[in-house]
Amino acid sequence: MYTASQKQYSAESYQELQVMRFAVEEINNSTSLLPNISLGYEIYDYCSDFLNFMVAFDFLSTNFTGSLYVTKYFKDYQPKVTALIGPFGSTENIILSPVFMAYLLPVISHGASSILLSDKQRYPSFLRTIPSDRNQVRAILQILHRFGWRWIALIGGNDDYSRNGLQALKEEMSPYDICVAYESTIPTEGPAMGSLFSNITILKINVVIVFASKVSAVPFIKAAISNKISDKVWIASETWSLNQQLLQDTQIHTIGTVIGITIKVVALPGLREFVHSTMTRGWNGTCVNSPHKGTWETCNQVCPECSSTDPQSIADEDPMYSFSIYSAVYAVAHSLHQFLGCDAEGCRKSGTIIPYQLLQTLKNVNFTLNNRTVSFDKNGDPAPNYGIVVWDKTLPLYHREIGSYVSDPSIAFHLDEELIRWHSNGTVPTALCSLECKEGHRRKVSGVHTCCFDCEICPNGTYVNKTDDPYTCQSCEDDEWSDYGSTHCKKRTLEYLHYNEGISIGILLLAGLIFLLSGAIAIVFARHHDTPVVKSAGGKMCFFMLSCLSVCSLSIFCYFGWPQREKCTLRNPVFVVFYTACISCLAVRSFQIVCIFKMAAKLPKAYDFWVKNHGQWLVVATAIVLQILLCGVWIGSQGPRPFNNSALFKDQIIFDCNMGNLYTFVTVIAFVAALSVLCFMFSYMGTDLPKNYNEAKCITFSLLIFFFSWILYLTAYMVYQGKYIAAINAFSVLASLYGILLGYFTPKCYIILFKPEHNTPAHFQNCIQSYTKKISSE
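Quick caveat: nothing in here was measured; it's all calculated off a predicted structure. (Residues numbered from 1 in each chain as written. Predicted model: local features only at pLDDT ≥ 70, side-chain atom pairs only at ≥ 80, totals over all residues. Heavy atoms only, no water.)

(A) Up close: helix H1 (residues 11-28). With 18 residues, H1 extends 26 Å from end C-alpha to end C-alpha; this agrees with the ideal 26 Å at 1.5 Å per step. Counted residue by residue, H1 has 14 buried out of 18 residues, so it is predominantly covered. (Helix = DSSP H or I, 4+ residues; strand = E, 2+ residues; numbered from the N terminus. Expected span 1.5 Å × (residues − 1). Buried < 20%, exposed > 50% of the residue type's maximum accessible area, 1.4 Å probe, protein only.)

As structure tokens, this is what we get:
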């Protein structure tokens, strides 16, 4: 009933005393709960930590002897009391509870909400009927999150309640992206208080959480009024959220908007009448072993104000903790009811009750009281059941409930912001160090706090997810893409040449036509294999060349459809090997014609060696073997393989075959180019040969098509690498094959089919004689 520091009478404390007496009287008058058993009690006013150790020792002494035994066998020790209700504050419980824990005396607090007291290793027999501050902290964070307040101040008192609560706030707030701009303990001196408010103003803090007991919070809020602090949102912890002294202050509205967390108020029918009755007629009970025997309402301390206090003022005091006291007394009664085996007719057990025995049943009580379930979890805590209120001077009670935070049957947060009369012209106040970035911009921290930042647009290929990490531009996956300032990535389209595309069908038809033309030319040459045209074209070598051209045309089918490793491996190597065979045959044929007409007479022995040892086939075989070896090195080192080109287009992935090892690839191509140049040189040397034996124009035409087609491909490859680069490559192969087919074989087929008179030994002999005369005359 008195505060510890100033010995000042507290009507709120006196109301709590009356609630406890009311609960005991109600239980003693009950016919169903503890029938024929009356509860006795002693009430002490907690004035100071030091003096009340004497009270604690008195409670632990044996029944009415005043003796306290130090024993480790608590199972046989029977102290003066069986259970203890209170004390109220967290600090008081943290200091005193260890004394009671040694004997496992049940301590049930109605106001100690410190998180520290949930530790059953340190406080095994501590229980409470007020939720742990861990739940209150989560309710506060839900409010901050709901309104997007991230730039706040934390203010607390110099006690365990404030320290533990603020520490829990800081531990729990990290997922909410909240920054503590300022944190301070409420000072006791005026100048220091002014400095605190000055810091809040300088840092432009609009939301202040005051997690403090009413002893600290009330003077702090009054100081805010006197310092003319305005336009702030004040978050009140449950200890002062319904403080009547502040609610009734005429200037309280000037500081801004006050939102508070409250313990859900549960009406206690009959309490008001009980208070009026007892305070009007006085108390007829007797005091035991009291130095002030007979003093009205008190036995261990003198309370002159108690007799002069208006009962109505006591009944109208803040009822927040009334149900907590009421349910604490009933919890003890229900545990006794279970332990003694009571029913409506009476109790089956009797005798001594050791505190630890009562503790076991007390932990497991579960009953309904005034439509509220009362029980304890494994930490001795009740389920959270908070109300959320806003202060409003226009209402009769000066406050209004706007939401709740409950856990029955599951955690649920509710808040109706339409019921709040904001101080800022009806709009929700902001509490941000920096304004939120636009979509697609990341936060770039500027300073100590992560809530203070500049905004930076995310480049293409990245995105920012504000929910996951608003400070980082995250890279898209390889199969995704994004533009500048994106909040998500889009799937890329996978592009490759399909068989059913128009350009694919056209190239494949041309490739098939090569196969057919090669077969047709082979048939024509076979039917006229003994004619001079076929013999001058190479004879049997022509069929080998046509076979190579046919195989080359089949390699074009590897350029289309889903690129597989087999297709990539066969695509270019098959072409270069068999095209090398064709080019080597042309080169040998050009060289052979030059030898017949220009070198046979000058180098007869060399020519005989060439003919006898089948020099033309030896050269062709050597060229083919060398090219096969080069291709083997190419494929073996790092050959062509499927490749996802994701760097070329932002919204596409080009799925194609790469060329593998660049050096071996260039070597392979260089070998083909060298043969082509050599072939061209031999053809040029025979430009003055007889017309029927002159292959220079035909071979030159074929080689020019080869050179131009591959120059076209390489140029296209340098400037464009989309999905159609494979089609350009296939077209280059196709052009190279048609160059030989149309430039070399088609003219000969024309002579065979349409000018048979030129395909006779006589005509060829006449051409040779004319060339011989020409050479002789020169």
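(B) Main features of the side chain of Gln136. With respect to the secondary-structure elements, Gln136 resides in helix H4 (residues 133-147). Here the side chain of Gln136 touches Asp133 through a polar contact of 2.8 Å, side chain to side chain. With residues near it in sequence (within four places) discarded, Gln136 still touches Tyr161, Phe211, Ser237, Glu238, Ile261 and Tyr386. (Polar contact = N/O pair within 3.5 Å; in protein donor to acceptor, adjacent residues only side chain to side chain. Contact = heavy atoms within 4.5 Å.)

(C) Structural context of the packing of aromatic side chains. According to the stated counting rule, one finds 25 aromatic pairs in the structure shown. Ring plane angle 20° and centroid distance 5.9 Å describe the contact between Phe22 and Tyr326, whose orientation is recorded as stacked. Pair noted here: Phe22 is in helix H1 and Tyr326 is in helix H12 (residues 322-339), with a separation of 304 residues, a long-range link. Residues Phe22 and Tyr326 agree in their burial class; the two are buried. The interplanar angle of 85° and the centroid separation of 5.8 Å between the aromatic rings of Trp240 and Trp391 together place this pair among those described as edge-to-face. Residue Trp240 is found in the loop between strand E7 (232-236) and helix H8 (244-247), and its partner Trp391 is found in strand E13 (residues 385-391); the two are separated by 151 residues along the sequence. (Phe/Tyr/Trp six-rings, centres within 6.5 Å; stacked < 30°, edge-to-face > 60°.)

(D) Region of the structure containing the pattern of salt bridges. All chains considered together, the criterion is met by 22 salt bridges. For the salt bridge of Asp381 with Arg128, the shortest nitrogen-to-oxygen distance reads 2.7 Å. A residue pair is termed long-range when its members are at least 10 positions apart, and Asp381 in the loop between strand E12 (372-375) and E13 and Arg128 in strand E3 (residues 126-128) qualify at 253 residues. The same class applies to Asp381 as to Arg128, namely buried. With a closest N to O distance of 3.5 Å, Lys723 and Glu495 form a salt bridge. With Lys723 in the loop between helix H21 (696-719) and helix H22 (725-754) and Glu495 in strand E22 (residues 493-495), this pair connects stretches of sequence that are 228 residues apart. An identical accessibility class is assigned to Lys723 and Glu495; each is buried. Residues joined in a network through salt bridges with shared partners are Arg134, Arg138, Glu171 and Glu172. (Salt bridge = Lys/Arg side-chain N within 4 Å of Asp/Glu carboxyl O.)

(E) Quick look at a nonpolar patch on the surface. There is a patch of nonpolar side chains on the surface, built from Leu510, Leu513, Phe515, Leu516, Leu554 and Phe557 and spanning about 540 Å² of accessible area. With 4 residues, helix H14 (residues 502-527) is the single largest residue contributor to the nonpolar patch. Positionally, Leu510 belongs in helix H14. By relative accessible area, Leu510 is classed as partly exposed at 35%. (Patch = residues over 30% accessible without salt bridge, like charges linked within 9 Å, V, L, I, M, F, W, Y side chains within 5 Å. Areas by Shrake-Rupley, 256 points an atom, 1.4 Å probe, with all protein chains shown as cover.)

(F) Highlighting the sheet that holds strand E24 (residues 652-657). If you trace the 3 strands from one edge of the open sheet to the other, you get E22-E24-E23, paired in mixed fashion. Two strands close off the open sheet at either side, each with one partner strand: E22 and strand E23 (642-645). Averaged over all pairs of adjacent strands, the angle between strand axes in this sheet comes to 25°, irrespective of strand direction. Alignment of E23 against E24, held across 4 bridges, turns out to be antiparallel. Residue pairing in the sheet places Asn645 in a bridge with Ile654 of E24. (Pairing = 2+ DSSP bridges. Axes fitted to C-alpha atoms, helices over the stretch in contact; angles between N-to-C directions.)

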